[in-house]
Amino acid sequence: MTIAVPHNRLTHGAREAEAVAAAVASGYWAGGPRVGSLEAALAERARRPAAVAVGSGLGALRLALRGLGVAPGDEVVVPAYSCVALANAVLACGARPVAVDVTPADWNLDPAKVEAALSRASKAIVAVHTFGAPADVAALKAFGLPVVEDCAHGFGHAGMGDRSDVAITSFYATKLMGAGEGGAVLCDAPIAGFVRQWRDYGDQQPDGTRLNDKMSDITAALALSQLQRLDELVARRANIAGRYDAALAPLAGSGGLTLPGSTAARVWYRYPIEVAGRDAASVIAALAAKGIGAAEPVWDWRTAEQGTCAVAARAYRGLVSLPLYPTLSADEQDAVIAAVKMLVLD
Ligand SMILES: *Cc1c(COP(=O)(O)O)cnc(C)c1O
């Protein structure tokens, strides 16, 4: 008997359902107390003076960059292997995204390659904790530019969220903490004041850069219930990643399989693998034929302007994300492991 294992499945229960029902019944669907409660809980978790909830991770990034003073004509360093939302946030400020290559160890922005990408126009560096592995924020801060830490894949553990000048996160449905849509900026009081000012257009002069970036109370209720169970979500993911590591280790290295780096303290948001000699599309198709949903974790947004970035190119070509989420059952994990073994040993 084969079982179908989806690539993603959301984690929710009575906690989420009751929180949303209470928000609906409260009569405050927007501008109510739940947004403030979420902000207080996020700030505490990230050990920041303030957090400001917004409508999306992209909005959080855009407002964080503008809060740091990024303006038309400026340049912002972003990882070449990253969500296109980073490039869009920079472009929305009228600035230019400068892609810098990532490391093959954890697919994070490579501090050794940043220097060559800097110019007098450089205004900030955005680093993602890719797949939950902490980016080297300390090394990036040494360049003297503000560092924005993107915590959509890793937050609240291993110093993720509290080391940079400004952190942002996303509550998109399938992220580490999902709430449908939503985001937040974690920062000091001046930037928080800026983001609060600019997430709203009410009673303000006409301005094409002043959009509606507010979060609803219904979303905040959902996000807060996910934050409250973050440790449980992270522990469950780590447990599954540990099983994958143990079962797949014999195929790693000369066996043809590259497993994600698990040495550093990390959060297991994604479990990306690479199969020697095969591109991502062929691995995904082979796993799909065995009922396993796998996916290319990041879409290649780069233009010719972004240069070669060989490590990012390799990641876009070969990385495949396996199912890894808190509700993945032992039988489903076994099915994933069996399918990967068959694929590699074929
Ligand atoms: C999803 C994602 C974003 C954008 O978040 P949205 O809420 O979808 O706008 C930004 N950065 C990273 C690393 C992401 O994974």
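Everything numeric in this text was worked out from a predicted model, so none of it was measured.

## What about the domain arrangement of the chain?
In step 1: When cut into domains, the chain gives domain 1 (14-228) and domain 2 (230-345).
In step 2: Using C-alpha coordinates to define each centre, domain 1 is positioned 25 Å away from domain 2.
In step 3: Each partner contributes residues to the interface: domain 1 has 40 residues there, and domain 2 has 30 residues.
In step 4: Both faces combined, the contact of domain 1 with domain 2 buries some 2,700 Å², and carbon together with sulfur accounts for 64% of it.
In step 5: Counting across the interface, domain 1 meets domain 2 through two salt bridges.
In step 6: Those elements that place two or more of their residues in the side of domain 1 that touches domain 2 are strand 2 (75-79), helix 4 (84-92), strand 3 (96-100) and helix 7 (217-228).
In step 7: No other element matches strand 3, which puts five residues into the side of domain 1 that touches domain 2.
In step 8: Split into classes, the residues belonging to the side of domain 1 that touches domain 2 amount to 24 nonpolar, 10 polar and six charged.

## As for empty space enclosed by the protein
In step 1: Within the structure shown, the criterion is met by one cavity of 30 Å³ or more.
In step 2: Empty space within the largest cavity amounts to approximately 50 Å³.
In step 3: Every residue lining the largest cavity is listed: Ala105, Asp106, Trp107, Thr130, Phe131, Ala133, Pro260, Gly261, Arg266 and Pro272.
In step 4: In the lining of the largest cavity, the residues fall into six nonpolar, two polar and two charged.
In step 5: Shared between two domains, the lining of the largest cavity takes at least three residues from each, and those domains are domain 1 (14-228) and domain 2 (230-345).

## Brief notes about the nonpolar core
In step 1: One finds Leu65, Val76, Tyr81, Trp107, Val126 and Val185 to be the most contacted residues of the largest nonpolar core, which totals 43 residues.
In step 2: With five residues, helix 3 (residues 57-67) is the largest single contributor of residues to this core.
In step 3: The residues that make up this core include at least three from each of domain 1 (14-228) and domain 2 (230-345).
In step 4: Apart from residues no more than four positions distant in its own chain, Val126 is found in contact with Leu61, Leu65, Val76, Val77, Val78, Pro79, Leu86, Leu109 and Val148.
In step 5: Counting residues in hydrophobic clusters, the runner-up holds 32 residues, among them Val5, Ala294, Leu324 and Tyr325.

## So, the layout of surface pockets
In step 1: The volume enclosed by the largest pocket comes to roughly 530 Å³.
In step 2: If you go around the largest pocket, you meet 31 residues; those closest to its centre are Cys83, His153, Lys175, Tyr269 and Pro297.
In step 3: Looking at the lining of the largest pocket, the elements with two or more residues in it are helix 3, helix 4 and strand 6 (166-170).
In step 4: Among the residues forming the lining of the largest pocket, the class breakdown is 17 nonpolar, nine polar and five charged.
In step 5: Two domains each donate at least three residues to the lining of the largest pocket, and these are domain 1 (14-228) and domain 2 (230-345).
In step 6: Volume-wise, the second largest pocket comes out at about 230 Å³.
In step 7: Elements with a contribution of two residues or more to the lining of the second largest pocket: helix 7 and helix 8 (230-248).
In step 8: The residues that make up the lining of the second largest pocket include at least three from each of domain 1 (14-228) and domain 2 (230-345).

## Here we look at the packing of aromatic side chains
In step 1: The tally for this structure, following the rule as stated, stands at six aromatic pairs.
In step 2: A ring pair is formed by Tyr81 and Tyr316, whose centres lie 4.8 Å apart and whose planes are at 65°; its orientation type is edge-to-face. With Tyr81 in the loop between strand 2 and helix 4 and Tyr316 in helix 10 (residues 310-318), this residue pair connects regions lying 235 residues apart in the sequence.
In step 3: Of the residues examined, Tyr81 reaches a relative accessible area of 1% and is grouped as buried.
In step 4: You can call Tyr316 buried: its relative accessible area is 8%.
In step 5: Between Phe194 and Trp198, the ring centres sit 5.9 Å apart and the planes meet at 25°, which makes this aromatic pair stacked. Here Phe194 and its partner Trp198 are both found in helix 6 (residues 189-198), four residues apart, which amounts to about one turn of the helix.
In step 6: Members of the aromatic cluster, connected to one another through ring pairs, are Tyr81, Trp107, Phe131 and Tyr316.
In step 7: Positioned above the aromatic ring of Trp198, the side-chain terminus of Arg210 is 3.9 Å from the ring centre.
In step 8: The ring centre of Trp268 lies 3.9 Å from the NZ or CZ of Arg266, which sits over that ring.

Each value, and the rule that gives it
Residues numbered from 1 in each chain as written. Predicted model: local features only at pLDDT ≥ 70, side-chain atom pairs only at ≥ 80, totals over all residues. Heavy atoms only, no water. Domains from an automatic or database assignment. Contact = heavy atoms within 4.5 Å. Buried area = accessible area lost by both parts, 1.4 Å probe. Salt bridge = Lys/Arg side-chain N within 4 Å of Asp/Glu carboxyl O. Helix = DSSP H or I, 4+ residues; strand = E, 2+ residues; numbered from the N terminus. Nonpolar A, V, L, I, M, F, W, Y, C, P; charged D, E, K, R; others polar. 1 Å grid on protein atoms, 1.4 Å probe; cavity = no way out; pocket = protein on both sides within 12 Å on 5 of 7 lines; lining within 4 Å. Points joined across faces, edges and corners; volume = space filled by probe spheres on them. Core = buried A, V, L, I, M, F, W, Y, C linked by side-chain atoms within 4.5 Å. Buried < 20%, exposed > 50% of the residue type's maximum accessible area, 1.4 Å probe, protein only. Phe/Tyr/Trp six-rings, centres within 6.5 Å; stacked < 30°, edge-to-face > 60°. Lys NZ or Arg CZ within 6 Å of the ring centre and 35° of its normal.

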